[in-house]
Amino acid sequence: MPLSNRITALAVVIYAPLTVAALAWARFGQDRDAWALDAPILDWGIGARMALSLGLGVALAAIVILTTPLLVERTRWARALHEELRPIVEALSPTEITLLALSSGFAEELFFRGAMQPVLGLMLTSVVFGAVHTGPRRVFLAWSLWAFVMGLAFGLIFELCGVIWGPVLAHVLINQRNMSYMRRV
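A brief structural summary. No experiment lies behind these values; they were computed from the predicted model shown.

Mapped onto the elements of the fold, Phe-106 is located in helix H4 (residues 94-120). Given the relative accessible area of 31%, Phe-106 is considered partly exposed. It is 14 Å that separates the C-alpha atoms of Phe-106 and Gly-155, two residues lying 49 residues apart in sequence. When residues no more than four places from it in sequence are discounted, the contact partners of Phe-106 are Thr-19, Trp-165, Val-168 and Val-172.

Next up, the structure:
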């Protein structure tokens with residue numbers, strides 16, 4: 001089986017149950033929906049909070065997407081991580097990259113921010129998020145630290161606005177654009 005088919009199959013095996021677990025945990029464990037907080041920092045109407053969440057998600061994604069090539073060019077840790085992940089990503093088609101970005105961004109945000117963060121808090125959820133983004137070699141420590149920082153950023157948007165869609169949008173855009181960059185360069 002080609003590598004891209006194995007990656008796509010693995011994504012389904014991981015992200016479908018993760019989405020179901022997030023929705024069930026939030027609904028049955030917390031009696032709420034995984035895409036909204038009961039008491040966000042901002043006490044604005046849902047329309048204003050949704051607009052701000054999406055705007056912050058796009059802004060965060062733009063910053064990360066624009067700085068990624070600079071980090072790869074100018075830092076050893078980003079270059080090493082890029083070289084480690086590239087053989088996996090370059091096997092994927094543009095469509096597979098987009099599907100992987102959509103599924104990972106949606107499932108991970110629903111689970112970590114939508115279900116876990118209201119229970120464990122921003123910091124511990126970000127630590128767990130960073131910890132699951134790891135690999136078998138030391139170079140992946142940079143990925144774990146980067147994921148921790150991104151988890152904080154996604155989580156702050158969620159805490160502030162109380163809706164999950166800005167973090168989902170940011171996560172999807174970052175994954176899609178950075179995997180596409182990794183495939184090209």
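Among the surface-exposed residues, Val-119, Leu-120, Met-123, Leu-124 and Val-127 lie close enough to one another that they form a single nonpolar patch of about 420 Å² accessible area. Of all elements in the fold, only H4 and helix H5 (122-132) reach the threshold of two or more residues within the nonpolar patch. Per-element tally for the nonpolar patch: the top contributor is H5, with three residues. By the element assignment, Val-119 lies in helix H4.

Right, let's talk about the side chain of Gln-117 for a bit. Within the secondary structure, Gln-117 sits in helix H4. Those residues in contact with Gln-117 that lie beyond four places of it in its chain are Phe-112, Leu-122, Thr-125, Gly-155, Phe-158 and Glu-159.

For an α-helix, the turn length of 3.6 residues means that residues three or four places apart are oriented alike. Over its 29 residues, helix H2 (residues 46-74) extends 41 Å from the first C-alpha to the last, a length consistent with the 42 Å expected when each residue adds 1.5 Å. Helix geometry: H2 is bent most strongly at Thr-67, by close to 30°, with proline Pro-69 lying one to four residues after it. Within H2 the residues assigned to the buried category are Arg-49, Ser-53, Gly-57, Leu-60, Ala-61, Val-64, Thr-68 and Val-72. Packing partners of the buried residues in H2 comprise helix H3 (76-89), helix H6 (140-161) and helix H7 (165-184).

With that out of the way, let us pick up the packing of aromatic side chains. Taken as a whole and assessed by the stated rule, the structure comprises seven aromatic pairs. Between Phe-111 and Phe-112, the ring centres sit 5.2 Å apart and the planes meet at 85°, which makes this aromatic pair edge-to-face. Seen from their ring centres, Phe-140 and Trp-143 are 5.9 Å apart, and the 50° between their planes marks the pair as tilted. You can see Phe-140 and its partner Trp-143 sitting in helix H6, three residues apart, about one turn around the helix. A relative accessible area of 6% places Phe-140 in the buried class. Classification of Trp-143 by relative accessible area gives partly exposed; the value is 27%. A connected cluster of aromatic rings, assembled from ring pairs, spans Trp-25, Phe-111, Phe-112, Phe-129 and Phe-154. Positioned over the ring face of Phe-129 is Arg-113, at 4.4 Å from the centre of the ring.

So, how was this worked out
- Residues numbered from 1 in each chain as written.
- Predicted model: local features only at pLDDT ≥ 70, side-chain atom pairs only at ≥ 80, totals over all residues.
- Heavy atoms only, no water.
- Helix = DSSP H or I, 4+ residues; strand = E, 2+ residues; numbered from the N terminus.
- Buried < 20%, exposed > 50% of the residue type's maximum accessible area, 1.4 Å probe, protein only.
- Contact = heavy atoms within 4.5 Å.
- Patch = residues over 30% accessible without salt bridge, like charges linked within 9 Å, V, L, I, M, F, W, Y side chains within 5 Å.
- Areas by Shrake-Rupley, 256 points an atom, 1.4 Å probe, with all protein chains shown as cover.
- Salt bridge = Lys/Arg side-chain N within 4 Å of Asp/Glu carboxyl O.
- Expected span 1.5 Å × (residues − 1).
- Bend = angle between axes of the 7 residues up to and from the residue.
- Phe/Tyr/Trp six-rings, centres within 6.5 Å; stacked < 30°, edge-to-face > 60°.
- Lys NZ or Arg CZ within 6 Å of the ring centre and 35° of its normal.

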